[in-house]
Every structure is written in C-alpha cells, then in structure tokens.
Amino acid sequence: MLVYGTMMVNSTTGGSGLARQLLGIVVGIGLLVLFWIFDYRKIKDWSTPLLILSALLMLAPRIPGLGYSAGGAQSWLAIAGIRLFQPAEPAKLVIILFYASIVVRNDGKIESLKEYLKLLGIAFIPVILILTQPDLGTSLVFIAIALGILLMGGAKARWLITTLVLGIALIIGMVSLNTWLGDTGKPVILKAYQMNRLLVFVDQTRDPKGAGYNLKQSKIAIGSGEVSGKGIGSGTQGKLNFLPARSTDFIFSVIGEDLGFTGAAVLLGLYLALLMVALSVAVSSVDLFGTLVAAGIMSMWVFQILENIGMTVGAMPITGIPLPFMSYGSSFMVTNLACVGVLLSIWTRRPFQSISKGV
Amino acid sequence: MLVFIVLLTRLWSMQIINGESYKKEAAQNSLREATTIAPRGRIFDCNGKVLVGNRSTMAVLAPTTIVNDTPLVLRLAKILGMTKQEVIDKATTKKEAALDLRVIAIDVPMKTVAYIEEHSTSFGGVEVQARAVRTYPNGSVAAHVLGYTGEISDTQLNSSTFKNYDPSDIVGKTGAESSFESVLQGVRGRRVLEVNAQGKIQTIVSETQPGSGQDIELTLDLKTQKVAEASLKKAIMRSRAAGNKAVAGSAVVMDVNTGAIVAMASYPTYNPEEFINGISTKTWKRFNSKSSSYPLTNRAIMSVYPPGSTFKAFTSLTGLNYGLINTATTFDCVGYWTGLGKTWGKWCWLHTGHGIQNLYSALINSCDTYFYNVGLRDYKTGKENQQKLARQFGFGKLTGIDLPSEARGRVPDAKWKAAWNANYPEYKKWLPGDSVNLAIGQGDLLVTPLQLVTAYSAIANGGTIYQPHVFKSALSSEGKTVITAKKKVTGKPSVSNSSVQTLQSNLRAVISQSASGPKLSNVGVPVSGKTGTAQKTEENDYAWFAAYAPSNNPKYAVVAMIEQGGGGGTYALPVVDDILVSLFK
C-alpha cells in the first residue's frame, strides 16, 4: 500500500511531492518501530499529558508566526515560514489513546445512559477545538473515533444510533438555521463553502463551478477510467487540472481514472485486509485498553476510507479528508504509520493461548 | 464489509456500466475543437478576370462571457473604434455555437492587432485570427449577378442542403454566391486541442488543413458588364434630367447560340463590400426601403413589366404562323381604331395615323392599329394562339437561369382571367379587348427583361430557346477547368422557318429603315431590333429596346429597360447601342 500510494503521489504531484512524502514514510516507520517496541500499556498513564501537549500544539498555529494556512484552515505548525506538521494529525492518535484510557478508567463499563453521555461529552471537547480551526473533516474523524471506542467499550448500539441520528438532525438544523440567518442578513454559522458542500451532496448538479464542480470532475475521472484505466499519469482529468486537490483529497479519483476499476478494487481489497487485521488485533488484545485503542484506530481508518472514497463517487458529502497511506501529506502518513506501530505493539503483547492450545 | 460492497458496486456502475459516457465527458472537458475557415472559391469573368477574390485580414474574436466584464468591453470598444453596445451585440450574437468565439471586428488594422497581442493580459479571452474575406476589385460591378455572402441563417442550418455546415459559416446569400455555394464553399480545417482546466492549450491532438473552395468562371464579360452598367446609369440620369421619374432599370446581354449571359446590369446597385463585416441594421433598412428603390433587387430576373411594343415581334409571328395575316395583308391606320365598335375605340400611338400598313411597315412604324387587328383576328379564332406562341418562347414561365429568385411573369388568357377575377364575376370573361391589348404587349402581360432577351435570342438563332446561364466552368486548384456548363435547349417553338425569316428581315428593317428616333450608331455590324414604350397607369412610360446582332449571323441579343424612363427609342436604345458598340469594336 505504501508503494502504491507513493507511486500515486509521485505521479499526481509531478514528482515534487515525492521527497516530502518519503520523509514522512521514513519518520513514520521510525515511529512505527518505536511504538512497536514500546509497551502500549504504559501510554495509558501518559495520555493526559500527551493530550495537553497535543492541545497546545493544535492551538499553536493560531499564534502569529507559528501558523501556516492552507486550504482555508489555519492548521499547519510552522516556524519561520517552514511548514513542520499539522498538529491535528498526531492529535488523532493522541485522542484515541486518551479516549481509550478514559473509558478504561470508567472500569470499562458504560452501563447507564448517564455514563454514556458523560463519555460522549468528553469526546466533544477536541471536536469543538478542531472546529474552531476550522477543520470540519478532522472533527468528524474525532467523532468517528469516539463512537468506535464507545461501541467496543460496551455502549448500547441504540444509544450510538440515536447519537448519529441526532448528529445528522443537528447538521440539517444548522443548514436550515443558516439559510434562515442568511436570508435575514444576520451572521451565519457555517461558511458559504461548507453550506455548499452539504447542499451539493443533496443536489449534485448544484454549484457546478464550485463544490459541485469538484464532485462532477471526480465522478468523470473515476467513470472514464473504465475497467483498466488510462495508465498512470495519463488520465486527462488529473493531468489537466480538472480535478481539484488531486494529490490529497481526490487521490482516489486519480486512481480510478489512471488505473480503472482494477486499480480501485485492488486498493479496496488492501483496505479491507488492513481493517481485518486491525479488527483481529482489537479482538485478540490482552486488555481492554488495547482493544479500545485498536478499535479507535480502526474506526478512524474506516471513517476516513469511507468518507474519502464515498465523497469522490458522490456517496458522501465533500469534506477535506485524506485517504490513509495514499494521499499526499507527511503528517498524515507519519500518524498512520505510528498507528500501525501501536497495533503491532498490541498484537505482539497478545495472549498466546491460541498458539499454546495448538501445540 | 457491507459498505465495501456498496462502494465496489458503485465503482462497477460508474466505471464499467457508465464508463463510456464518463469518458465522453472527460473528452468534452479536455478536448476543444477549433475550426479554421477555408477560403471560398474565387469568381472570374469569362476571360479569367477576377470578379470576386479573397484577401487575408485580421479578425478580433472574443467569448460571450466578456459582456460581464465591463472594463474589458470598454477597452475593446475604444481600441476597435466601436461603441460599447456594438461590442456587446457582436459578442452575444446567437448565430455561433455556444462555445465558439464571436467575431467582434474584422479588418482590424495591424497596429490594433499588435496592441491587443502585446497587452494580452488586459484582453483576457480576446483572440486575434487571420480570416479570408471577399474582395470586389470592381466594386459594385455585377453585384446582382455575383450576390453577397453572409453568416448562415438558422433556417439554412436546419435544412438538409447545409447539413455539414457550422453555425458561423459564411455562405452565399444571393446571386452566384448562393447558386454555386456547394462549389465555392471550402471544407473547414479542424483542429482538436487538448486544454487544461484553465482552458490553456496543452497539445494539438489532431489537425486537418482547410480545403479552399473551387474557383468558378462566369459567362459574364467584365468589359461588357461595365459598359452595360455605366450606360444604363447614364440613360436613367438622362431620362430623369428630361423630367421622367426614371429611377431603375436593367440591361441583359445573351449569347444567342448558347444562352450564356454576357452581361446583366440592374440599377440601382450596391457594393457587396458592405456585407463583409456583417451588414448594419441601418444599411439593411436603407437597402430595403422604397426611397432607395430596392438596390438589392436584380431587376433583370426578379422584376416583371409589360413589354410594350417589343412584344409586337411575337404578335407578328403569331399572325404569320397561324395564317391570320401574310406579308401582303394590309390595314389602314387612321390613328383611332374602332375594330371593337365606336364605343370601344383605341388610339394608335400616332394619333394622326400611319395610313395603309403592311406587316413590314407596321413593325418599322410600330403601328398599334395593325397589331390591334391581328389581336382581334386571333380572338375570333378562339384558340389563344398569341398566348400559345408567347409561352413557347418562354414567357410566363421560369427561364431556369442559374441564379436565385427568378420571377415567372405572366401570359394572360381566358382561364387566368377567370381565376384572377374569381370574386368579380363581371370581369371574369376574356374579351376581344384583352386579345387586342395583348397584341401590343400591354394589358396583363408581364415579362422579365431576361425572358425578353431569351425570346429575342430564339428569333435571332432561328427558333431555339436556350436556357440562360451565368456559370461557365469550375476550376481545379491547379486552375484547370473541371466542370463546364453545357448549353441546354429548353424549347423549340413550333413556328415555320418562313415566319421566322420574315420577322428577322422586318426586325432588321426596323433599325435600318426607321424614320423616327435616333438610329444605332457605329456598331459596325447590322443590327435587328424593336423599341417598346409600355404604358402603366399613373406612371411614366417604361422604356424598352430589344435587339440582336449581327443581323445576318446573330451572336448577341441585348435588352434594355428603364422603369418610367419614357420612350424606348430615346432612352433604352442608347444603352443597347453602347453595349453593341463595345461588343463589336
């Protein structure tokens, strides 16, 4: 998958993104090994200080001189104009660890609705923090992580479903309120482009030059790839800039165009395998913390994969979420590889009863 | 797991089931087709002199979207010397395909072109292209025969004739440009370009060169054409100076042995140059107003008139051919004819009377009385021989000339009159007076100058109607003749040779023996012909002269006509004289 992704990043950035991506992979593999060796159970005690550090880092880009703005969000930490990394990316792992530890501290019991709501409330703190950046996509990832951990932690499915339904209702409410506020000329909650993205999801022919344009071009790219694609770097949609953010958010569209259904199906297969591995790690963990951490990582991936691919084919609203191991982005790559390290750490320290039974 | 299946299904439907249509959309995104306009074929006279040529010029084009950019529109208007509204009108013309650039101005000076190209950033989307446009080295000469070109109309685009045309194509609208459109029109060159999302051209995917249209040669002789036009105009001016209302006229020269049109003049005229950049509404209105006397009308083929005494040639033939008279038949002209009874008396043009007339003297003197008698005799047979013969000579029907919008004219008969006056029972009956009027080319008879010259050609050549034509040949790109017009016989009037010969010698005598009016001067060859002065209620007389020469071995027939010009011998004859002098000297 790393090879696949690197190949695509190299092609879509015309080679210019290769160095940074490879740096991300090298740093990421370093972290992976580090996390693998390190006993994940010890992180449990470090999760709160990590969270505080992470929160500080996330606020840092707002300090003048430390921030770097890209794609409408002030989400990069930079020193003297040199981009270092996006604090929100490692924050995902930190949140997983922190959140898993909170649930564990709750004795792993989410029996009453009150406990569920309390834990849910905690999950919303970083969500709001990210929303101020503003980075809707990342905040949604956090919600997915929280819901995944809560589910694995024993929360009742119907509570989760209710939460989801309420969440969607909230978004619809916000859009309606926004429209109403917009009509009366009062300040609005959502930015115009965010509104448009949501509305485009409902009516895909809307805003053909803006959000609708992205979706349309993405669908054209994927569709025109047909069975075997146009060949790497030969897709006209990608090559000729019809696709926006083709090395990051819309890299899947490029895969669809250049490598066709074959390439896309292979990638989906790889993801399925990755998620199966994550699931088996979660199931086979020696303790609840490991299970929850693995579940959190898995939820994060599931959400990112489904949302990213979903948005490129028009099955999900467009939000700026990258595709794990494929999209261009070193902070993102480092974080994902670190997550693999954590999973390996849990896997290595799993009980051996199955093996001993076998012997 | 389930969601993965959903995603995979979605991909399957997009890439495998609907892949083809997405592929088309992707091509639409990135491929632009640009066409290069092929030059139209040129038009030459029968001696290879250029009548319509092409020259290369610069055109400024812009996308429709510039109308949203007022500062840009103002900049363009200023540099092109147009008003803001003119630029907007040109940019929003519906004529061209939605994506195509609109022609804002053509014939833009190189200085302006250079300025636009140097300041391309402040003229975003504006393009400069080389175009071939029509040139008319002889100005308005032969404008009616040549016709003009213009952007293809929506109606034309939807017709099967223009099946492969583009909405911005220039096509022949009238005249030869229209008749020979399929030969003159070239094949557009096509370029498929790959553009990026910003519309910037990346590569040329494929290219075909434009194929220019074929050149054609017309039967017109530029020299004779010029003489005909100049002389016609001079005659009209002279007639007007003499107090007539004369405003318009026509002159046609035809090769009596082939039907080839050597000259065809119509006055007033226009300059086809005015149509090059697309005609302005103001000019178009002027061209189609009564006060300008409709200069776009080709009066030689599109207008019909009573032929007056020029028709007496055919009445003579009727009389001789159907045995109503012979060369010895005489009638006494006392100036007032009472053949239909005293109440219905009719004047001869010479109120004092011509005295005893035979056919020979009647033609020379253009004696109305004589022909009234022939008309009355024909009426009494009840066979409408006059009409029969007139139709055989091509009156009342299209000559079939290879120019558009020809008028049919009219040969009145009992059947026609009954239908024409269907609502007025008291006027439905064909009366002896109708036959009598017809005999002197008056009444309800209407002819085009072209019909008359065609009919006189038949008299000259001994009785063959040739289809008149202006097309001589089409040339290959190497200048070789590839298609040549063949002469086409469209009629052989069943008249006896002796009748025709009698008429021929009488028409020769009309010129050589005529006592009244100026004679043809200096032609150098014997000429045969007949004057005509047709009357129309509440208008000045229509002046006619029809002739052919040389009388013994006829080559050309010439007809001149001036609307409300007065006497044919005085005003139309000099035009024919000038033309014949030019043809035979």
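Up top you'll find the structure we're talking about.
Rules used in this analysis
- As a convention, each chain's residues are numbered from 1 in the sequence order in which they are written.
- The order in which chains are written sets their letters, starting at A; the order in which ligands are written sets their numbers, starting at 1.
- Under the rules for a predicted model, residues below a pLDDT of 70 receive no local features and side-chain atom pairs below 80 are neither given nor counted, while totals for whole chains, interfaces and linings still include all residues.
- Side-chain figures throughout are based on the complete set of non-hydrogen atoms in the structure, without hydrogens or water.
- We count a stretch as a helix when DSSP gives it H or I for four or more residues in a row; a strand needs E for two or more, and each element gets its number in order from the N terminus.
- Exposure classes here rest on a 1.4 Å probe applied to the protein chains alone. A residue is buried below 20% of its type maximum, exposed above 50%, and partly exposed in between.
- Note on contacts: a residue pair qualifies if any of its non-hydrogen atoms lie within 4.5 Å across the two residues.
- Calculation of accessible area relied on Shrake-Rupley with a 1.4 Å probe; when residues are assessed, cover is drawn exclusively from the protein chains displayed.
- Helix axes are fitted only over the stretch in contact, all axes being lines through C-alpha atoms; the angle between N-to-C directions runs from 0 to 180 degrees.
- Definitions for this section: a left-handed crossing has its near helix turned counterclockwise from the far helix by less than a right angle. A right-handed crossing has that turn clockwise.
- Any residue that is not Ala, Val, Leu, Ile, Met, Phe, Trp, Tyr, Cys, Pro, Asp, Glu, Lys or Arg is counted as polar, Gly included; the first ten are nonpolar and the last four charged.
- Each angle receives one of four descriptions, namely roughly parallel if under 35 degrees, roughly antiparallel if over 145, roughly perpendicular if within 65 to 115, and oblique otherwise.
- Ring geometry is summarised as follows: Phe, Tyr and Trp rings, the Trp one being its six-membered ring, pair when their centres sit within 6.5 Å, and such pairs are stacked at plane angles under 30 degrees, edge-to-face over 60 and tilted between the two.
- In this scheme, Lys NZ or Arg CZ marks a charge over a ring once it lies within 6 Å of the ring centre and within 35 degrees of the ring normal.
- By buried area we mean how much accessible surface two parts lose on assembly, using a 1.4 Å probe and totalling the loss over both.
- Each salt bridge in this description consists of a side-chain nitrogen of Lys or Arg and a carboxyl oxygen of Asp or Glu lying within 4 Å of one another.
- Two N or O atoms form a polar contact when they lie within 3.5 Å of each other; inside protein one atom must be a possible hydrogen donor and the other a possible acceptor, and for residues adjacent in sequence the pair counts only when both atoms belong to side chains.
- The arc under discussion is defined with respect to the helix axis, by the directions toward the C-beta atoms.
- By convention a nonpolar core is built from buried Ala, Val, Leu, Ile, Met, Phe, Trp, Tyr and Cys residues, the set being connected through side-chain atoms within 4.5 Å.
- Two strands form a pair only when DSSP identifies at least two bridges running between them.
- In this description, the term disulfide denotes a pair of cysteine sulfurs within 2.5 Å.
- Like-charged residues are merged into a patch within 9 Å and nonpolar side chains (Val, Leu, Ile, Met, Phe, Trp, Tyr) within 5 Å, provided each residue has over 30% relative accessible area and no salt bridge.

Trainee: Give me the lowdown on the overall build of chain A, citing residues and values where you can.
Mentor: The helix and strand inventory of chain A stands at 14 helices and three strands. Counting every position in chain A, which comprises 359 residues, the buried fraction comes to 50%. A separation threshold of at least 6 residues defines the contact pool for chain A, and within that pool the share at least 24 residues apart is 67%. Accessible surface, chain A as shown: approximately 15500 Å² in total, 71% of it carbon and sulfur.

Trainee: A description of the packing of helix α12 (residues 288-312) of chain A against helix α13 (residues 330-348) of chain A should follow, citing residues and the corresponding values.
Mentor: Residue and element names in this part refer to chain A. The contact between α12 and α13 brings their axes to 10 Å, and the two run at 145°. Between α12 and α13 the crossing geometry is left-handed. Contacts between α12 and α13 involve Gly290, Val293, Ala294, Ile297, Met300, Trp301 and Gln304 from the first element and Phe332, Asn336, Cys339, Val340, Val342, Leu343 and Ile346 from the second. In terms of residue class, the contact of α12 with α13 is made up of 11 nonpolar, three polar and no charged.

Trainee: Describe the packing of helix α19 (residues 449-460) of chain B against helix α20 (residues 497-513) of chain B, with residues and values.
Mentor: Between two packed helices, both the angle of their axes relative to each other and the distance between the axes serve to describe the pair. Residues and elements named next belong to chain B. Where α19 contacts α20, the axes come no closer than 9 Å and their chain directions differ by 110°. Between α19 and α20, the interaxial angle falls into the category roughly perpendicular. For the pair α19 and α20, the contacting residues are Tyr456, Ile459 and Ala460 in the first and Val500, Leu503, Gln504 and Leu507 in the second. Partitioning the contact of α19 with α20 into residue classes produces six nonpolar, one polar and no charged.

Trainee: I'd like to hear about the packing of aromatic side chains, residue by residue, with values.
Mentor: Residue and element names in this part refer to chain B. Under the definition given, this model contains 26 aromatic pairs over all chains. Ring centres 5.9 Å apart and planes at 75° place the aromatic pair Tyr270 and Phe275 in the edge-to-face group. The residues Tyr270 and Phe275 share a single accessibility class, namely buried. An angle of 65° between the planes, with centres 5.8 Å apart, marks the rings of Tyr556 and Phe584 as edge-to-face. Here Phe584 lies in helix α21 (residues 568-584) and Tyr556 lies in strand β23 (residues 556-563), a separation of 28 residues in the sequence. Note on Tyr556: relative accessible area 14%, which makes it buried. With relative accessibility at 24%, the residue Phe584 sits in the partly exposed group. Joined through ring pairs, the aromatic side chains of Tyr148, Tyr270, Phe275, Trp284 and Phe287 make up one cluster. Lying across the ring of Trp420, Arg410 places its NZ or CZ 4.9 Å from the centre.

Trainee: Which residues make up the environment of Ser182 of chain B, and what values do they have?
Mentor: Relative to the helices and strands, Ser182 of chain B resides in helix α9 (residues 181-184). On a C-alpha basis, the gap between Ser182 of chain B and Gly213 of chain B in space is 8.5 Å, while along the polypeptide they are 31 residues apart.

Trainee: Kindly report on the side chain of Thr315 of chain B, identifying the contributing residues and their values.
Mentor: Its location among the elements puts Thr315 of chain B in helix α13 (residues 312-321). By relative accessible area, which is 1% here, Thr315 of chain B ends up buried.

Trainee: Quick rundown of the interface of chain A and chain B? Include the residues and the values.
Mentor: By a frequent convention, interface size equals the accessible area lost on bringing the separate parts together. Every contact between the two is made by 35 residues of chain A and, on the other side, 25 residues of chain B. Summed over both partners, the interface of chain A with chain B comes to about 2600 Å²; 72% of that surface belongs to carbon and sulfur atoms. Area buried by chain A at its contact with chain B is led by Glu226, Leu240 and Phe261 of chain A, which between them contribute 25% of it. Joining chain A to chain B, the criterion identifies one salt bridge. Between Lys23 of chain B and Glu226 of chain A there is a salt bridge; the shortest N-O distance is 3.0 Å. Linking chain A with chain B are five residue pairs in polar contact (both at pLDDT 80 or more). Those elements that provide at least two residues to the side of chain A that touches chain B are α9 (211-224), α10 (236-239), α11 (251-284) and α12 of chain A. When residues of the side of chain A that touches chain B are assigned to their parent elements, the largest contribution, 11 residues, is made by α11 of chain A. Counted by class, the side of chain A that touches chain B contains 19 nonpolar, 11 polar and five charged residues.

Trainee: Tell me about helix α5 (residues 110-118) of chain B, and name the residues and values.
Mentor: All names here are of chain B. Along α5, the positions that sit buried rather than exposed are Thr112, Val113 and Ile116. End-on, the buried residues of α5 take up no more than an arc of 100°, which puts them together on one face. Among the exposed residues of α5, those pointing more than 90 degrees away from its buried face are Met110, Lys111 and Glu118.

Trainee: Describe in detail the nonpolar core, supporting the description with residues and values.
Mentor: Counting residues in each nonpolar core, the largest one holds 120 residues, and the members touching the most others are Leu218, Met264, Phe314, Phe393 and Phe395 of chain B. Counting residues in each nonpolar core, the second largest holds 89 residues, with Ile43, Ile110, Phe289 and Trp301 of chain A among its members.

Trainee: So what's going on with the pattern of salt bridges? Which residues, and what values?
Mentor: Where charged atoms from two side chains of opposite charge come close, those side chains can pair. All names here are of chain B. Considering all chains together, one arrives at 23 salt bridges over all chains under this definition. One salt bridge connects Arg191 with Glu207, and the closest N-O pair in it is separated by 2.8 Å. Pair noted here: Arg191 is in strand β8 (residues 189-195) and Glu207 is in strand β9 (residues 201-208), with a separation of 16 residues, a long-range link. Classification of Arg191 by relative accessible area gives partly exposed; the value is 32%.

Trainee: Describe the sheet that holds β8 of chain B, with residues and values.
Mentor: Sheet strands line up and pair through hydrogen bonds in the backbone, either parallel or antiparallel. Residue and element names in this part refer to chain B. A sheet is described by the order of its strands in space; here three strands give the open sequence β1-β8-β9, paired in antiparallel fashion. Of all strands in the sheet, those with a lone pairing partner are β1 (31-36) and β9, marking the two edges. Within this sheet the neighbouring strands show an average axis-to-axis angle of 25°, counted without direction. Bridge count between β1 and β8: six bridges; the pairing is antiparallel. Each bridged residue has a counterpart across the sheet, and for Ala34 the counterpart in β8 is Arg191.

Trainee: Tell me about the state of the cysteines, residues and numbers included.
Mentor: All names here are of chain B. Counted by the stated rule, this structure contains zero disulfides over all chains. With no disulfide of its own, Cys367 lies closest to Cys333 among cysteine sulfurs, the gap being 3.8 Å. Judged by its relative accessible area of 0%, Cys367 falls in the buried class.

Trainee: Can you explain the environment of Ser494 of chain B? Please cite residues and give values.
Mentor: Residue and element names in this part refer to chain B. On the secondary structure map, Ser494 appears in the loop between β20 (489-491) and α20. Between the alpha carbons of Ser494 and Asn321 there is a distance of 8.8 Å; along the sequence they are 173 residues apart. What Ser494 contacts, discounting residues up to four positions off in sequence, is Asn321 and Gln392.

Trainee: So what about the sheet that holds strand β22 (residues 542-549) of chain B? Which residues, and what values?
Mentor: Residue and element names in this part refer to chain B. Reading across from one edge, β12-β11-β23-β22-β21 is the order of the five strands in this open sheet, with antiparallel pairing throughout. Each edge of the sheet is formed by a strand with only one pairing partner; in this case those strands are β12 (261-267) and β21 (528-534). The sheet shows a mean angle of 5° between the axes of neighbouring strands, direction not considered. As judged from the eight bridges shared by strand β11 (residues 248-255) and β23, these two strands associate in the antiparallel manner. Each bridged residue has a counterpart across the sheet, and for Met254 the counterpart in β23 is Ala557.

Trainee: Describe a nonpolar patch on the surface, listing the residues and the values that go with them.
Mentor: Residues and elements named next belong to chain A. The grouping of Ile29, Val33, Trp36 and Ile37 at the surface amounts to a nonpolar patch, some 370 Å² of accessible area in total. Of note, Val33 is situated in helix α2 (residues 18-37). Of the residues examined, Val33 reaches a relative accessible area of 36% and is grouped as partly exposed.

Trainee: Now, about helix α1 (residues 2-12) of chain A: what can you tell me, with residues and values included?
Mentor: Residues and elements named next belong to chain A. Buried within α1 we find Tyr4, Gly5, Thr6, Met8, Val9 and Thr12. On its buried side, α1 packs onto α2 and α11. Within two residues after α1, Gly14 carries a phi angle of roughly 65°, on the positive side.

Keep in mind these numbers describe shape, not what the thing actually does.
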